[in-house]
Amino acid sequence: MASPGIDTEQEPLLGDRTPGSREWDIIETEEHYKSRWISIRILYLTMFFSSVGFSIVIMSIWPYLQKIDQTADASFLGWVIASFSLGQMVASPVFGLWSNYRPRKEPLIVSIFISVVANCLYAYVHVPASHNKYYMLVARGLVGFGAGNVAVVRSYIAGATSLQERISSMANTSACQALGFILGPVFQTCFALIGEKGVTWDAIKLQINMYTAPVLLGAFLGVLNIILILTLLREHRVDDSGRQCKNVNFEEASTDEVQFPQGDIDQVAALATNVLFFVVLFIFALFETIVTPLTMDMYAWTREQAVLYDGIILAALGVEAILIFMGVKLLSKKIGDRAILLGGLIVVWVGCFILLPWGNQFPKIQWEELHNNSIPNTTFGEIIITLWKSPREDHNEGPTGCPIEQAWCFYTPMIHLAQFLTAAMLIGVGYPTCNVTSYTLYSKVLGPKPQGVYMGWLTASGSAARILGPVFISQVYTSWGPRWAFSLVCGIVVLTIMLLGVVYRRLVPFSVRHGRIQE
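Named according to an unreviewed UniProt entry, the protein is Major facilitator superfamily domain containing 8 originating from Panthera tigris altaica. As its UniProt record puts it under Subcellular location (unreviewed entry), the protein is described as follows: "Endomembrane system".

Dropping the structure here:
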């Protein structure tokens, strides 16, 4: 527990301080302190394993889908991609509600077990004689359902930390999640060395190749995670000052525990924070989706170049995000979470504004393979395909540049590379800043009461953003071009900043609002 005399924001990432102050000793014993932080670190690891399990297969889904079922098309790919977020959106409130009334080990273990089973199913989707694509759809949906435990993780960490420890712990959680997203594709690249054929274990009909090895690793990490939770995780809950609170989650009663403070949660602030979190994830999801089509259209990159260069850009943004998470821990102590969130939104707006095309230089037009002058109704899946297409499938990369079917290519100026990289860097600063501060503020607004259901709705709103963001940008960009697309995004960010201004004074911690702690 962080005492007022010790600055927890100066702790190293994933680190904690050694208890030593007199006030700390009165509120929390050393044994309780160590147990609490071991449990929190186990959940850091849970977030890391979860994000690795998601990102480790994301680059190989399309070729694997084509291999197991020739009837799968781009539209179905969109459903496979969306199924993860749909599953998580459904599961998050369920696991959150469960964690409010039962020991949080239960929903954590059950959710991870579902993910392990789903990964094993993914490894066997090639076995059925038909309808293989539907088995993959179910497998990815179940992996997303298991990922609904993010709500439980955030709820646990919010309830097991004091106000002073909260931003540091939430930043560490986000850093572990970001690190998993970065390392997942790296592991996938290593498994690519196994090749498509790989080896087959005939006794159990298991093929171990570049498509199945990653999910088998994900299943192994899930089993390891379950073992760590069973052996090391303990139930802890403290109030905003760091005193232990009595709750149904506790396995052992303590005479030192105190009851939950009385008072109502500010529902307006809670709802507004959900909207803010939705918009933040919506914007980054659409940015990730549009990176590859945009760079191929603007700079006439081939598929191979787009996958390589955009992969490097997104990996760099991931590293940048980890550094931002560490910086937010330090900055929050000086200026507060609300100011940081406002600053992050302004940075995101500037990044989106820079992406607006200006000037009189136009992109190269892709003249080949012209069928008609109509604008195609491009699906989310068709845009995503560019991320999975391998140059090995076709020795001829085909025409490059802005497709003539997109009428805006003729009259919309190009976005210069320096312009794009500057915008990407700014969005890479604004997104992690807004991400961690929005759900840190959310946890503080909710206070020391069980947050499982509320965190479930927050996670569900994030999942909805990851579904709607790619669909929105794929339709607007294809039909109207980047000028309209990013203008609309800028308008959304402006409305979000206005919303933050309206509720700014209400976004205060529960204990501060009820006069128990001074801000």
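What the protein contains, in helices and strands, is 17 helices and four strands. The buried share of the protein, reckoned over its 519 residues, is 58%. For the protein, restricting intrachain contacts to residue pairs at least 6 apart in sequence, the fraction spanning at least 24 positions comes to 82%. Entry remark: accessible area of the protein is about 21600 Å², with carbon and sulfur atoms responsible for 65%.

Now for the environment of M414. Here M414 is to be found in the loop between β4 (402–403) and α14 (417–446). Residues M414 and W358, spaced 56 residues apart in sequence, show a C-alpha to C-alpha distance of 7.3 Å. Dropping the residues within four chain positions of it, M414 is found in contact with M298, Y299, P357, W358, Q361, F362, P363 and Q419.

In total, this model carries six salt bridges according to the counting rule given. Between K34 and E30 there is a salt bridge, with its nearest N and O atoms 3.3 Å apart. With K34 and E30 both in helix α2 (residues 30–55) and four residues apart, the pair spans about one turn of that helix. A relative accessible area of 48% means that K34 is categorised as partly exposed. A salt bridge links E106 to R102; the shortest N-O distance between them is 2.6 Å. Judged by its relative accessible area of 25%, E106 falls in the partly exposed class. Residue classification places R102 among the partly exposed residues on the basis of a relative accessible area of 43%.

Unlike most non-glycine residues, H131 shows phi in positive territory, near 60°. Following the sequence through the fold, H131 ends up in the loop between α5 (105–123) and α6 (132–146). The backbone of A300 shows a phi angle near 55°, a positive value even though the residue is not glycine. You can see A300 is positioned in the loop between α10 (267–299) and α11 (303–335). Residue classification places A300 among the buried positions, given a relative accessible area of 18%.

Below, the discussion takes up the confidence of the model for the protein. Chain-level pLDDT for the protein is 79 on average; 80% of the residues reach the 70-or-more range. Ranking the helices and strands of the protein by mean pLDDT puts helix α16 (residues 482–503) first, with 94, and helix α1 (residues 22–27) last, with 43. Contacts of residues 369–378 to residues separated by more than four positions or lying in other chains number 18 contacts, the stretch itself having pLDDT below 50. Note on residues 386–396: pLDDT under 50 across the span, and 23 contacts to partners over four residues away in sequence or across chains.

On to the state of the cysteines. Tallying each qualifying case throughout the model produces one disulfide. Here C402 connects covalently by a disulfide to C409, the sulfurs 1.8 Å from one another. Its S-S torsion of about -60° marks the bond between C402 and C409 as left-handed, since a negative value means left-handed. Overall, C402 belongs to the buried group, its relative accessible area being 0%. In this structure C490 is a free cysteine whose sulfur lies 5.2 Å from that of C352, the closest cysteine sulfur available.

This part is about the nonpolar core. Counting residues in hydrophobic clusters, the biggest one holds 76 residues, and the most contacted among them are I283, F287, L294, L355, I415, F420 and L507. If you list the elements that add at least two residues to this core, you get α7 (150–159), α8 (163–191), α10, α11, α12 (337–354), α14, α15 (452–480) and α16. A per-element tally of this core places α10 first, with 18 residues. What I415 contacts, discounting residues up to four positions off in sequence, is L294, M298, Y299, L355, P357, F420, P482 and F486.

Before going further, it helps to spend a moment on the packing of α15 against α16. Interaxial distance between α15 and α16 falls to 7 Å at its minimum, and their mutual angle equals 140°. As summarised for this structure, α15 and α16 are arranged oblique, according to the angle between their axes. Where α15 abuts α16, its residues F472, I473, V476, Y477 and W480 lie against P482, W484, A485, L488 and V489. Across the contact of α15 with α16, the residue classes tally to ten nonpolar, no polar and no charged.

With that settled, the discussion passes to the environment of T189. With respect to the element layout, T189 can be found in helix α8. Taking relative accessible area as the criterion, T189 reaches 55% and is therefore assigned exposed. As for T189 and P214, which are separated by 25 residues in sequence, their C-alpha atoms are 9.7 Å apart.

Bringing helix α3 (residues 61–68) into the picture now. Because each turn of an α-helix spans 3.6 residues, side chains separated by three or four positions end up pointing in the same direction. With respect to burial, α3 is a largely interior element, six of its eight residues being buried. Listing the buried residues of α3 in full gives I61, W62, P63, Y64, L65 and I68.

Structurally, S99 can be placed in helix α4 (residues 74–101). By relative accessible area, which is 1% here, S99 ends up buried.

Residues L308, Y309 and I312 make up a contiguous nonpolar surface patch of roughly 290 Å² in combined accessible area. As for its position among the elements, L308 is in helix α11.

Packed helix pairs are characterised by how far apart their axes lie and by the angle those axes make with each other. Contact geometry for α10 and α14: axes closest at 9 Å, N-to-C directions at 160°. Taken together, α10 and α14 sit at an angle that is classed as roughly antiparallel. Handedness of the α10/α14 crossing: left-handed. Residue classes in the contact of α10 with α14 are distributed as 20 nonpolar, five polar and no charged.

All right, on to the packing of aromatic side chains then. Applying the stated criterion across every chain yields a total of 18 aromatic pairs. Consider the rings of W480 and W484, whose centres lie 5.7 Å apart with planes at 55°: the pair is tilted. Through pairs of rings, three or more aromatic residues link up here, namely F284, F287, Y299, W301, Y309, F420 and Y431. Across from the ring centre of Y439, 4.3 Å away, lies the NZ or CZ of R154, which sits over that ring. When the ring centre of W358 is taken as origin, the NZ or CZ atom of R483, which lies over that ring, is 5.9 Å away.

About the thresholds
- Residues numbered from 1 in each chain as written.
- Predicted model: local features only at pLDDT ≥ 70, side-chain atom pairs only at ≥ 80, totals over all residues.
- Heavy atoms only, no water.
- UniProt positions renumbered as here; feature names shortened; annotations may be inferred.
- Helix = DSSP H or I, 4+ residues; strand = E, 2+ residues; numbered from the N terminus.
- Buried < 20%, exposed > 50% of the residue type's maximum accessible area, 1.4 Å probe, protein only.
- Contact = heavy atoms within 4.5 Å.
- Areas by Shrake-Rupley, 256 points an atom, 1.4 Å probe, with all protein chains shown as cover.
- Salt bridge = Lys/Arg side-chain N within 4 Å of Asp/Glu carboxyl O.
- pLDDT = per-residue confidence, 0-100.
- Disulfide = S-S within 2.5 Å.
- Core = buried A, V, L, I, M, F, W, Y, C linked by side-chain atoms within 4.5 Å.
- Axes fitted to C-alpha atoms, helices over the stretch in contact; angles between N-to-C directions.
- Parallel < 35°, antiparallel > 145°, perpendicular 65-115°, else oblique.
- Nonpolar A, V, L, I, M, F, W, Y, C, P; charged D, E, K, R; others polar.
- Patch = residues over 30% accessible without salt bridge, like charges linked within 9 Å, V, L, I, M, F, W, Y side chains within 5 Å.
- Left-handed = near helix turned anticlockwise from the far one by under 90°.
- Phe/Tyr/Trp six-rings, centres within 6.5 Å; stacked < 30°, edge-to-face > 60°.
- Lys NZ or Arg CZ within 6 Å of the ring centre and 35° of its normal.

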